[in-house]
Every structure is written in structure tokens, then in C-alpha cells.
Amino acid sequence: MAELNGKRLVLGITGGIAAYKAAELARLFVKDGADVHAVLTRSGAQFVTPATFQALTGKPAWSDLWDARMPDNMAHIDLSRGADAIVIAPASADFLAKLAHGLADDLLSTLCLARDCPLIVAPAMNRQMWDNPATRRNISQLLQDGVIVLGPASGDQACGETGMGRMLEAMELHDAVTGYFQPKVLAGRRVLLTAGPTFEALDPVRGLTNLSSGKMGFALARAVRDAGAEATLVCGPVVQPTPPGVARVDVLSAGEMRDAVLRHVRETDIFIAVAAVADYRPEQTAAQKIKKAAQPLILTLQPNPDILAEIAALPNPPFCVGFAAESENLDEYAQGKRTSKKLPLVVGNLMRHGLGGDDNTIVMFDNEGRHPLGPAPKIEIARGIVAHIGRMLTGNGRE
Ligand code: C5P
């Protein structure tokens, strides 16, 4: 992963028990290539220490406005100069109030006031503090001021209560920040995706399925959302977490997947079919569990509808993207699929290591020819595919 290569981030840590998650967030940012400068408020430093962040970021961590280590005592300007964003996680109720009113009485609040980069905050507080009209007022002021507010989530709180106010997890914050930096090449577009396997029931407890993990489809849903589109993801049985902001429709069989796609396709500009749809389903589904017997069990399978081909053949189809997972002759089979299903773009991959890995190597096939990508983590591959779709839609398909 190097999605934050070249990005300079100021990570602010204010006073709250969620400060322990900021250490993990710093690690994820650094692992992803960012240059991270940690700044703790006095209360933040009661929960975690500057030494923690110094060790994780490999850079001095700051907390004091009057720190003599700053050569010209202009820490409040130097630290945010050239920063791509200030990320405050956790952002306490008190600190949000300060931001909303433009107070600047410590290093972090001064940096926020003297910045010329985006400010991203991840609130964390007790649910009553979050619901308090003063906090509501401050949050709406910050949103009006263009501050990006990530979360909070609802759940168990350190005080023993349950409700809104839990800081998002470090991975969620990392994903939201990397998403924020993506070019908005699909702004305003509505994208429908399919992902994962389908499950074709044989009886109430058994069925035919495959080993598709759904990872590529979920990465694409995330990349599409990060590119500014509205994403709806129809997925078969998978254990992937739904990317925040993506509408998810769970289905089991190819028939259900087709119905869900047809329900949404009218409001769709782009259809990306990533799902490994079962080609066949049992002709009959037994109402009761099939009992074991000494004789062979003969199943008759019926072909499933080809969802992608059906959508691409609609009178006014969305821009359709297909996938072709092949074990040999990638170019020939993928191009064949592009022609037979009448698709502007097919993403092909040679399955050398089976399904379900975290990395992928693909070749995109369009009218212009072949465009290889990878090997790379699936999210990077997904961003490459989205960029290519963006170029094709703006008539700038040439690489
Ligand atoms: O023909 P093949 O199954 O290899 O084509 C793969 C592409 O078609 C993928 O994009 C897949 O999601 C889509 N597909 C579909 N419905 C099917 C079979 C495949 O949408 N029944």
C-alpha cells in the first residue's frame, strides 16, 4: 500500500480515551506512505504520550506552543505549512467547541486556525455530550465552515453507556482519509455493482457456490464512492464489511441478484459486474434435506440468466463493465466476452493463485486495445479501473 505517498498529514490528538486508537491510525498513515506529524493537546497527552507517536511516525511529536525545539518558535505555522490535511482523532467536545469559535490557545488549535489545508475531525465523546445542543450547534457550524466530520459511530462507550459518540476505528478513518484524496472522476454518477459468489440452493442446508471472496467487488465499490459516485452494491453471500456510504443489497442466488439489479438499473449510469455468478442452478430445490443413499445422486442443472448480457442488451443501457476470470488464453476469452456481451470494457485476470487473494493483476480490454495493471493490492487495482472508466466516459480513453 502506498496510497498516501507524498502526503503530509498533521495528526491532532485531543483528550479522550479514544486517543489510544490514534496510535494505530498514525501507524496506518505511515505504512501507507504519509509523512505524519503528531500534535497532542495537554489533555491528549494525559491519555497517550508524545513518545508513542514519535516512535510510530519517526518524527518529533509536539504538544507545547512554546516548545524550544522549533527553531524559530513558529511551530503553529511551520507544522501545517505544506500539510495536505490536518486530521484530528479523537476530536473531543471541548476541542470541537474551540474550533467552532476560532479559539487558538494551544499549539493544535493555533495550527487549525492558521491552516490553508483541509481539516478533518473524528469526534469522540460520551453520547450525552454528543447530543447536547451546544455540540450539535458546534458541529453544524464546523460543517458550514467546510470541516470534514468523520463519524462518530454508535456503540459501547468507555463510560459504560451505549450510544452515539464512539470514534470510528483507525482503519475506517484511514480509509476515509485516503478516499478524501482521490480525484473525483465519477462525481455525480450512479454506479451499480455486483460482487461475490451466488448460492444456488439444493435443499434447505446445501447448495452450489464458488470461492469468490467479494474482495475485488468491494474494493471497486469503495473506489467508485471515493471517486465521487453514488454506489449500490448487490452482493452474494460474503463476509466483507460494507464500505461506509455504499448502499448494500444482500442476495443469495443468481435469480435474486438479477431481480435486485433490474430493480436498480433504471437509476444507473455505470454497471460493473464483478460477481462470480453461478452458471447453473439445480433444476429443483428440495423442500426437505436430501437424505443420504447408497445410489449415486444425479442432479440436473439449468443455466442461470446472464445478468450482465441482459443489462448490456437493454435499449438504453448504462456503461457496462464486465470481468473475465480465466485460467488460460486471457486475451482471446476476454475480448470474446467483450464482443459477445457488447461491452465497452472488460477487465480480465488470469487466475494463477485461485480466488480470494488481497492482490490482483489485471488487463483492461477496450476499443483501444489492452491496458495491463498490477500486480497491486485490490484497492489500487480498483482505483486504476475507476480512473480508466472516468477517462472513457469523458472521451479521453487513450492511455
Ligand atoms: O461469461 P462469464 O461468466 O465468464 O462472464 C463474466 C462476466 O459476466 C462477469 O462480469 C460476471 O459478473 C458477469 N455475469 C453475469 N451473470 C452471469 C454470469 C456472468 O452478470 N450469469
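Residues numbered from 1 in each chain as written. Predicted model: local features only at pLDDT ≥ 70, side-chain atom pairs only at ≥ 80, totals over all residues. Heavy atoms only, no water.

**Q** For this particular structure, what's the right way to read the overall build of the chain?
**A** Looking only at helices and strands, one finds 14 helices and 19 strands in the chain. Residues counted as buried form 49% of the 399 residues belonging to the chain. As presented, the chain carries roughly 19,200 Å² of accessible surface, and 52% of it is formed by carbon and sulfur atoms. Between the averaged position of the 40 positive side-chain charges in the chain and that of its 43 negative side-chain charges there is a distance of 3 Å. (Helix = DSSP H or I, 4+ residues; strand = E, 2+ residues; numbered from the N terminus. Buried < 20%, exposed > 50% of the residue type's maximum accessible area, 1.4 Å probe, protein only. Areas by Shrake-Rupley, 256 points an atom, 1.4 Å probe, with all protein chains shown as cover. Lys, Arg positive; Asp, Glu negative; His and termini not counted. Charge placed at Lys NZ, Arg CZ, Asp CG, Glu CD.)

**Q** When you look at the domain arrangement of the chain in this model, what are you seeing that I'm missing?
**A** Buried accessible area, meaning the area lost when the parts come together, often serves as the stated size of an interface. What the domain assignment reports for the chain is domain 1 (8-180) and domain 2 (190-395). Between the C-alpha centres of domain 1 and domain 2 there is a distance of 39 Å. (Domains from an automatic or database assignment.)

**Q** Would you mind going over the sheet that holds strand 11 (residues 230-235) with me for this structure?
**A** Within a sheet, each strand pairs with its neighbour through backbone hydrogen bonds, oriented either parallel or antiparallel. Spatially, 12-11-8-13-16-17-18-19 is the arrangement adopted by the 8 strands of the open sheet, whose pairing is mixed. Each of the sheet's edge strands pairs with one partner strand only, and the pair in question is strand 12 (247-250) and strand 19 (369-377). Put simply, the sheet's adjacent strands are angled 20° from each other on average, direction ignored. The sheet contact formed by strand 8 (residues 190-195) and strand 13 (residues 270-273) spans 4 bridges and is parallel. What sits directly across from Val191, in strand 13, is Ile270. Along the sheet face, helix 13 (residues 330-340) touches strand 16 (319-326), strand 17 (345-350), strand 18 (359-366) and strand 19 and points at about 55° away from the line of strand 18. Those strands touched by helix 14 (residues 378-393) are strand 13, strand 16, strand 17, strand 18 and strand 19, and its axis lies near 150° from that of strand 19. (Pairing = 2+ DSSP bridges. Axes fitted to C-alpha atoms, helices over the stretch in contact; angles between N-to-C directions. Contact = heavy atoms within 4.5 Å.)

**Q** Just to check I follow, could you spell out the pairing of strand 8 for this structure?
**A** Regular strands show a simple pattern: their side chains alternate between the two faces of the sheet. Taken across its 6 residues, strand 8 has 5 buried, putting it largely inside the fold. Of the pairings in the sheet, the one linking strand 8 to strand 11 comprises 6 bridges and is parallel in character. When the sheet's bridge partners are listed, Leu193 is paired in strand 11 with Leu233.

**Q** How should I be thinking about unusual backbone geometry in this particular structure?
**A** In most cases, non-glycine residues show a negative phi, while peptide bonds are predominantly trans. Across the junction of Gly151 and Pro152, the peptide omega takes the value 0°, indicating a cis bond. In this structure, Pro152 sits in the loop between strand 5 (148-149) and strand 6 (153-156). Of note, the amide linkage connecting Gly374 to Pro375 takes the cis form, showing an omega dihedral of 10°. Tracing the backbone shows Pro375 in strand 19. Positive phi values are uncommon outside glycine, yet Asn329 reaches one of about 45°. Along the polypeptide, Asn329 turns up in the loop between strand 16 and helix 13. Not every positive phi belongs to a glycine, and Lys342 is a case in point at roughly 55°. Following the sequence through the fold, Lys342 ends up in the loop between helix 13 and strand 17.

**Q** Could you clarify how one ought to interpret the packing of helix 10 (residues 215-226) against helix 14 in this entry?
**A** Between two packed helices, the angle of one axis relative to the other and the distance separating the axes together describe the packing. Viewed as axis vectors pointing N to C, helix 10 and helix 14 meet at an angle of 55°, and their least axial separation amounts to 8 Å. The orientation of helix 10 with respect to helix 14, classified from their angle, is oblique. Crossing hand, helix 10 versus helix 14: right-handed. Facing helix 10, whose interface residues are Lys215, Met216, Ala219, Leu220, Arg222, Ala223, Val224 and Asp226, helix 14 presents Lys378, Ile379, Ile381, Ala382, Arg383, Ile385 and Val386. Residue composition of the contact of helix 10 with helix 14, by class: 10 nonpolar, no polar and 5 charged. (Parallel < 35°, antiparallel > 145°, perpendicular 65-115°, else oblique. Left-handed = near helix turned anticlockwise from the far one by under 90°. Nonpolar A, V, L, I, M, F, W, Y, C, P; charged D, E, K, R; others polar.)

**Q** Honestly, the site of the ligand in this entry has me stumped. Any pointers?
**A** As a structural note, the neighbourhood of the ligand is formed by Ala273, Val274, Ala275, Val277, Pro305, Asp306, Ile307, Leu308, Gly322, Phe323, Lys337 and Lys341. One of the backbone nitrogen or oxygen atoms of Ala273 is found 2.6 Å away from an oxygen atom of the ligand. In the model, an oxygen atom of the ligand is placed 2.9 Å from a nitrogen or oxygen of the Lys341 side chain. About the coverage of the ligand: the protein hides 84% of its 450 Å² of free accessible area. Contributing elements (two or more residues each) for the shell around the ligand: helix 12 (307-312) and strand 16. (Near = heavy atom within 4 Å. Polar contact = N/O pair within 3.5 Å; in protein donor to acceptor, adjacent residues only side chain to side chain.)

**Q** I tried to follow the sheet that holds strand 2 (residues 35-40) on my own but got confused; where do I start?
**A** An order of 2-1-3-4-5 is seen for the 5 strands of this open sheet, with the pairing classed as parallel. With partners counted over all chains shown, the strands left at the sheet margins are strand 2 and strand 5, one partner each. Helix 9 (residues 170-180) contacts strand 3 (85-91), strand 4 (119-123) and strand 5 of the sheet and is inclined by roughly 160° relative to strand 4.

**Q** Where do I start with the state of the cysteines in this structure?
**A** Covalent bonding between the sulfur atoms of two cysteines defines a disulfide. All chains considered together, the criterion is met by 0 disulfides. No disulfide involves Cys112; its nearest neighbouring cysteine sulfur is the one of Cys117, lying 8.4 Å away. For the unlinked cysteine Cys320, the closest cysteine sulfur is that of Cys235, found at 19 Å. On the basis of relative accessible area, Cys320 is assigned to the buried category, the value being 2%. (Disulfide = S-S within 2.5 Å.)

**Q** Just to check I follow, could you spell out helix 14 for this structure?
**A** What sets the pattern is the α-helix's 3.6 residues per turn: residues three or four places apart point alike. The end-to-end C-alpha distance of helix 14 is 22 Å, a good match for the 22 Å that 16 residues give at a rise of 1.5 Å each. Looking only at helix 14, the buried set comprises Lys378, Ile379, Ile381, Ala382, Arg383, Gly384, Ile385, Val386, His388, Ile389 and Gly390. Just downstream of helix 14, Gly395 is the residue with a positive phi angle, here 75°. (Expected span 1.5 Å × (residues − 1).)

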